[in-house]
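Commentary on secondary and tertiary structure
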Amino acid sequence: MSNIDVILDPESLQQHKTEKRFRYNAYFVSSLRLTGFLMLSLAVALHNIILTPAISSDTTILFFLVSLGYGVTAWLIIYFFYNSVRRFDLGDLFLLTDVFLHLLAIYCSGGTHSFLIILLITRVADQAATNFRRVLFFTHYSLLCYLLFLLYLNHVEHRMINWPVEWTKLLLIYIFNLYLSFTAKTAEYLRTLNQSAIRRAKEELVLRKETEEKLKRKHIRLQNAFAEIKVL
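Parameters and conventions
- Residues numbered from 1 in each chain as written.
- Predicted model: local features only at pLDDT ≥ 70, side-chain atom pairs only at ≥ 80, totals over all residues.
- Heavy atoms only, no water.
- Helix = DSSP H or I, 4+ residues; strand = E, 2+ residues; numbered from the N terminus.
- Rg over C-alpha atoms; globule rule 2.2 N^0.38 Å.
- Buried < 20%, exposed > 50% of the residue type's maximum accessible area, 1.4 Å probe, protein only.
- Salt bridge = Lys/Arg side-chain N within 4 Å of Asp/Glu carboxyl O.
- Patch = residues over 30% accessible without salt bridge, like charges linked within 9 Å, V, L, I, M, F, W, Y side chains within 5 Å.
- Areas by Shrake-Rupley, 256 points an atom, 1.4 Å probe, with all protein chains shown as cover.
- Core = buried A, V, L, I, M, F, W, Y, C linked by side-chain atoms within 4.5 Å.

**Things to note about the overall build of the protein**
- Counting its regular elements, the protein contains seven helices and zero strands.
- Since a compact globule built from 232 residues should have a radius of gyration of about 17 Å, the 27 Å found for the protein marks it as more spread out than a globular shape.
- Taking the principal axes of its C-alpha atoms as reference, the protein extends roughly 105 × 35 × 30 Å.
- Counting every position in the protein, which comprises 232 residues, the buried fraction comes to 30%.

Printed below as a string of structure tokens:
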């Protein structure tokens, strides 16, 4: 079967998409997640050594172990259960839970005094190549999680929160994330144009293939008719 046949056949195309999504989530995203959290552990360690030396090294080690365990667990779950879970996408689920590890990194590096608050931008930035609605969702989701994090610090651990400062942080990050959302909208528009061109090309290929099949059948009928005339 040629590559064109595989692309044009609906069942083969759907199977190809499913396999592609599995490979993308089980290998590329999972390895990138594990590498990212190992790098984040290094960032937490440097932050605590240089900027917040009062924080115990045990906290840094604990974050490293938690992030390593989370990355490996996420990879194993996606690898073994991605195709069996039909009701939702496991890859998308872990994109949501990753944000809690970002909050843990902020917590382990000083909480409201941590410079790692920029992590609230990373989830939005790495989704910029998807679509506008998805990026806009993570824009609000990340900030909502951080707001809940502040409420936890305030009401559970009874820490003093400088709310004017925190609201200013949230506003600045929200503005930047909105900018990323609109850049994603531009990329989505260009991608839609490319997809439309590809779809039209596929339709033309299907039409050409159907025309060729009709011509072949007509040619065979003419050959048979000619053979009968020769016999007569």
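**With respect to the pattern of salt bridges**
- Throughout the structure, instances matching the rule amount to six salt bridges.
- Between R123 and D126 there is a salt bridge, with the nearest N and O atoms lying 2.8 Å from each other.
- Connected via shared salt-bridge partners are R33, D98, R123 and D126.

**Comments concerning a nonpolar patch on the surface**
- A contiguous nonpolar surface patch, about 660 Å² in accessible area, is contributed by Y27, V72, W75, L76, Y79, F80 and F81.
- Looking at which element gives the most residues to the nonpolar patch, the answer is helix α3 (residues 57-81), with six residues.
- Position of F80 among the secondary structure elements: in helix α3.

**Here's the deal with the nonpolar core**
- Membership of the largest hydrophobic core comes to 39 residues, with the highest contact counts inside it found for F63, L103, A105, I106, L120 and Y146.
- Every element with two or more residues in this core is listed here: α2 (10-51), α3, α4 (90-108), α5 (119-125), α6 (132-155) and α7 (163-231).

**Comments concerning unusual backbone geometry**
- The backbone of H158 sits at a positive phi, close to 55 degrees, despite the residue not being glycine.
- Mapped onto the secondary structure, H158 falls in the loop between α6 and α7.

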